[in-house]
Every structure is written in C-alpha cells, then in structure tokens.
Amino acid sequence: MNNSSGISRKDFLKNSALAMAGLALPSNWLGATSIFNDATISSKEKLALKNVRLETGFEYEEGEVIATKTDLFYIEIENGKIIKISPNQPNAKAIDAKGFLMLPAFKDMHIHLDKTFYGDKWQAVRKRTGGVKGMIALEQQMMPELLKNSTFKAEKMIELLQSKGTSFARSHVNIEPTSKLDSLKNLQKALEHKKKTFGAELVAFPQHGVFYTDSVPYLKEAAKMDIDFIGGVDPFTIDGAIEKTMDFTVQLALDHKKGIDIHLHESGESGLKTVEYLIDKVNENPSLKGKTYLSHCFVLGKLEKTKQEEVAEKLGNAEIGIVSTIPFGSLVMPIPTLYKYNVKVLTGNDSIVDHWNTFGTGSVLQKANLMAQLYGQSTEFLLSRSLKLATANILPLDDKGNQQWPKVGDDADLVFLQASCSAEAVSRISNVESLIHQGNIVF
C-alpha cells in the first residue's frame, strides 16, 4: 500500500501470533481494541462512519504494480447493509474510523468448534500410538468428558475467532457412535447464543469412519437436521474401501440436498484415487458442482508437476474446491496451480489447542501471510491477491485495480485493520443490524 496511508502491504499481511502458552488463557486475553468505544446510536437510526479507509486502485511503474492506493470515505449502514458510500465527511456527526482500513470480515472455512481444550484447562498433545486408528480410540475415550462443557468452549473459541476479525466459520462436527448427535446439538447451542454476531455452516463429520465404526445411522439422522455438508475422512485408510464410502457420502448428500466436504490426508495412491473418484461422481451429478470440497488433500502436494496440472484442471472443471490449512515444511500445496485452473481455494485454522494439535492462533490473516511467504508472493500485486484466502475470495480490487468492493447493497459484515494487523488492531462490525441492542451498538 502507499506510504501516504502509513500502511505497507507487508505490514498489512503480518499478523502477531500468540505464544503457545497464551493460547491456554481465556479467549479474551488478547481482545480487539475497538475504535467504536464511544458509539451510542439508537436502533432506529442509521450507522454512519467517517474517515473509513478503502482501497481505490493500483499505482504502476513501468507496467508493474508498486503500491495500492487508498482514500478516506464516509459510509452509512442500515439493517445490516451498506446503503451509502461517498467522499469523506470529516466534520460529520459520525463514528470516527480513524483511518482504519475497511475490509470484508474474515471467514474460517475449516475448523472444529465442537471439540477443543480452548477456554478450559491447558492440555498439550500427548504422544500418539497406532496412527489414525489409535487417535480414534483416544477420541472414543475423551469425547464423553469433552462434551460436558463443549458448548462453553465453542463459545470461547468463537470469541477468539471474532477477536481476529472472523465473523463466519465452516465447522466440522463429530457424528459417530461415541458422540452420537450430542456434539452437534451442543455446538448448535453455542451458535444460537452467538448468532447476533457470528455465522456458521456445519459439516456432519464421521471422524471415526463411516463404516469402521457404525456411523451410518447417525449420519443419516444428522442429514435431516440443520447441517450444510456431509463430511468424510480418509475412506481407504479408515474404512478400507474408497468406492463404498464415497458412494454412501455422495448419495446422502444428494438425498438431502447437502454439499460435501471430505478430509483427505492420504498422500499416496489411495489419496489420488479418492480425488479422481470424487471428480467422477460430481461430474455424474452436476448438482454437486460448486458444493463439493476436499479438505487438506495433501496428495496434491506429492504429485509431479504434470499430474498436478492435470488434476487441478479436472477439479476446476468439476467445480470442486480445496480447503487448505496451508501446511509447510516438507509438504507445500500447489495453490498457485489450483488458482491457474480456477479451483476455489479456502483456508481455516482446523485445530486450536485440542488433542490433535497444540497450536493454532485463530487468525486466517496469518494463513494468508504464510501462503504469501511459501509461494514467494512478495510483489505488491501478489500480496494484494493473497488476502482472498482470509476473506473467502472477496477482494476490494480486481486484478486490474478496479474497485469491486464495497458496493451499496453489500452486507455490512466488516473488519477494520491498522497497519500492524496485530490482534490489538482489529475491530469488527459483524452483522450490524443484529448488533443494535438496547439502544447501543455493541462492538
């Protein structure tokens, strides 16, 4: 971004990570510092903001994007919608956004809100034995205890996400013989408590296998409930049968008009066969196009370049998205190749302080930062494009620098960031209409 705004693109994408020990603290430990502390507005009035910074275009030098232009604006919001965008009115009677950059609120598109230690007693990951099936056995022991206060912990994790500018999540929720439907019901209670400021879509997730443990009756019951996707996990490794498990999953989704989101960690031949089988099933059932996702899909990072290109093209044509947690180290996902073939790529935090993973910050902006580093996206143009991971593919500027967001009529689901983008610099306006409570705006 340009120097006149005091924001560099590098600083913009840099997000302060919490220390590991900090993650054990209550979720409001590093809450957002609001720029709206003195806002008191009647629910019958419009919400007016001045000194709102928006991206307005690119600055070029010899054909290369070298900076992003910004300017200050005056914005009005009513009934959860943006109703006016005009040149700044610094003397207007309005909430002072203080030059913060306004962006679409962030979305965490792969997380497990239903099972976490967050907000409770600190516990680190224990030594694992027996591979994935060993972890299933561990979960069967742990879930009854985790469920006792899972609603409370889910609410605390939602508050953590909100403090990082996230107002929406896609959460996988355990559906298996140990939890039955209790994990889902407990999470739905938490989401009901937070519905004024947080939205979600749910994936019925057979963490313990569809057939390895008899999850079928519970998945069928969950599919009749208020969920959005039928999930799955490593059909060959866990269930021992790609076709049988995938056929069941696809048919259940079709029968109940749900989407599909499959965890796929398998990185060898079985992983590739699962990807190709799912592509074929979606092509046979076009109603699933645009509603089907593979989470993780590590096998893509193991393929030779030519095969990566081939599979990416097939995924793009089938409109199957990839939800990546942006792994690093020995495995780097071919995200630029996926973009090349118009594959929708989303991201999420996955685990946050649970029995699978000790780490996790709750920030999808940090995921965008990591992706930019891994793929050498250090130019201004590529850095500006990396933001779409945090916003689920909404960008203020198109690739030519034309302003495409915000527009009058857009949802007022927003985040405001200072240059540092640290946790303390994030302020949210999420679903403004529902935040008007007892005559006050609550931020």
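Model, not experiment: these values are computed from the prediction.

Turning next to a negative patch on the surface. Taken together, Glu59, Glu61, Glu62 and Glu64 make up a surface patch of like negative charges. When you line up the elements, Glu61 lands in strand 1 (residues 47-61).

Turning our attention to the sheet that holds strand 7 (residues 166-174). Reading across the sheet, the eight strands line up as 6-7-8-9-10-11-12-13 and stay open at both edges, with parallel pairing between neighbours. Only two strands of the sheet have a single neighbouring strand rather than two, namely strand 6 (106-111) and strand 13 (345-347). The average undirected angle you get between the axes of adjacent strands in this sheet is 25°. Relative to strand 7, strand 6 runs parallel, the two sharing four bridges. Paired with Phe106 across the bridge in strand 7 is Thr166. Helix 11 (residues 364-374) contacts strand 6, strand 7 and strand 13 of the sheet and is inclined by roughly 85° relative to strand 6.

Here the chain averages 86 in pLDDT, and 84% of its residues register 70 or above. For the stretch residues 14-44, pLDDT sits under 50, and the model shows 79 contacts to residues farther than four places along the chain or on other chains.

With that out of the way, let us pick up the pairing of strand 14 (residues 414-417). A two-sided burial pattern is seen for strand 14, the buried positions comprising Leu414 and Phe416 on one face and Val415 and Leu417 on the other. Pairing of strand 5 (residues 101-104) with strand 14, which is carried by four bridges, proceeds in the antiparallel orientation. Among the inter-strand pairings, Leu101 is bridged to a residue of strand 14, identified as Leu417.

Where helix 3 (residues 150-163) meets helix 4 (residues 182-193), the closest approach of the two axes is 8 Å, and the angle between their N-to-C directions is 45°. With respect to helix 4, the element helix 3 is oriented oblique. Classified by chirality, the crossing of helix 4 by helix 3 is right-handed. In contact with Ser150, Thr151, Ala154, Glu155 and Ile158 of helix 3, helix 4 contributes Asn186, Leu187, Lys189, Ala190, Leu191 and His193. A class-by-class count of the residues in the contact of helix 3 with helix 4 yields five nonpolar, four polar and two charged.

Next up on the list: the side chain of Gln207. Summarising the element assignment, Gln207 is placed in the loop between strand 8 (199-205) and helix 5 (216-223). Those residues within four positions of Gln207 in sequence are excluded, and the remaining contacts are Lys115, Ile136, Glu139, Asn174, Ile175, Val233, Ile238 and Trp356.

Moving on to the pairing of strand 3 (residues 81-87). When strand 2 (residues 64-78) meets strand 3, the two strands line up antiparallel, connected through six bridges. Considered in strand 3, the bridge of Tyr74 is made with Ser86. With antiparallel pairing between neighbouring strands as the criterion, strand 2 and strand 3 make up a hairpin whose turn holds two residues, including Asn79 at a positive phi of roughly 55°.

Quick look at the environment of Leu395 now. Inspection of the secondary structure puts Leu395 in the loop between helix 13 (388-391) and strand 14. Once the C-alpha coordinates of Leu395 and Ser384 are considered, the two residues, 11 residues apart in sequence, prove to be 8.4 Å apart. For Leu395, the residues in contact, after removing those within four places along its chain, are Ser384, Arg385, Leu387, Lys388, Gln404 and Trp405.

Let us look at the nonpolar core. The biggest cluster of nonpolar side chains holds 72 residues, and the ones touching the most others in it are Val275, Leu294, Leu300 and Leu315. Once residues within four sequence positions are removed from consideration, Leu300 is found in contact with Gln308, Val311, Leu315, Ile322, Met333, Pro334 and Leu338. In this structure, Leu49, Leu54, Phe73 and Ile75 belong to the second largest nonpolar core, which totals 16 residues.

What counts as what
Residues numbered from 1 in each chain as written. Predicted model: local features only at pLDDT ≥ 70, side-chain atom pairs only at ≥ 80, totals over all residues. Heavy atoms only, no water. Patch = residues over 30% accessible without salt bridge, like charges linked within 9 Å, V, L, I, M, F, W, Y side chains within 5 Å. Areas by Shrake-Rupley, 256 points an atom, 1.4 Å probe, with all protein chains shown as cover. Salt bridge = Lys/Arg side-chain N within 4 Å of Asp/Glu carboxyl O. Lys, Arg positive; Asp, Glu negative; His and termini not counted. Charge placed at Lys NZ, Arg CZ, Asp CG, Glu CD. Helix = DSSP H or I, 4+ residues; strand = E, 2+ residues; numbered from the N terminus. Pairing = 2+ DSSP bridges. Axes fitted to C-alpha atoms, helices over the stretch in contact; angles between N-to-C directions. Contact = heavy atoms within 4.5 Å. pLDDT = per-residue confidence, 0-100. Buried < 20%, exposed > 50% of the residue type's maximum accessible area, 1.4 Å probe, protein only. Parallel < 35°, antiparallel > 145°, perpendicular 65-115°, else oblique. Left-handed = near helix turned anticlockwise from the far one by under 90°. Nonpolar A, V, L, I, M, F, W, Y, C, P; charged D, E, K, R; others polar. Core = buried A, V, L, I, M, F, W, Y, C linked by side-chain atoms within 4.5 Å.

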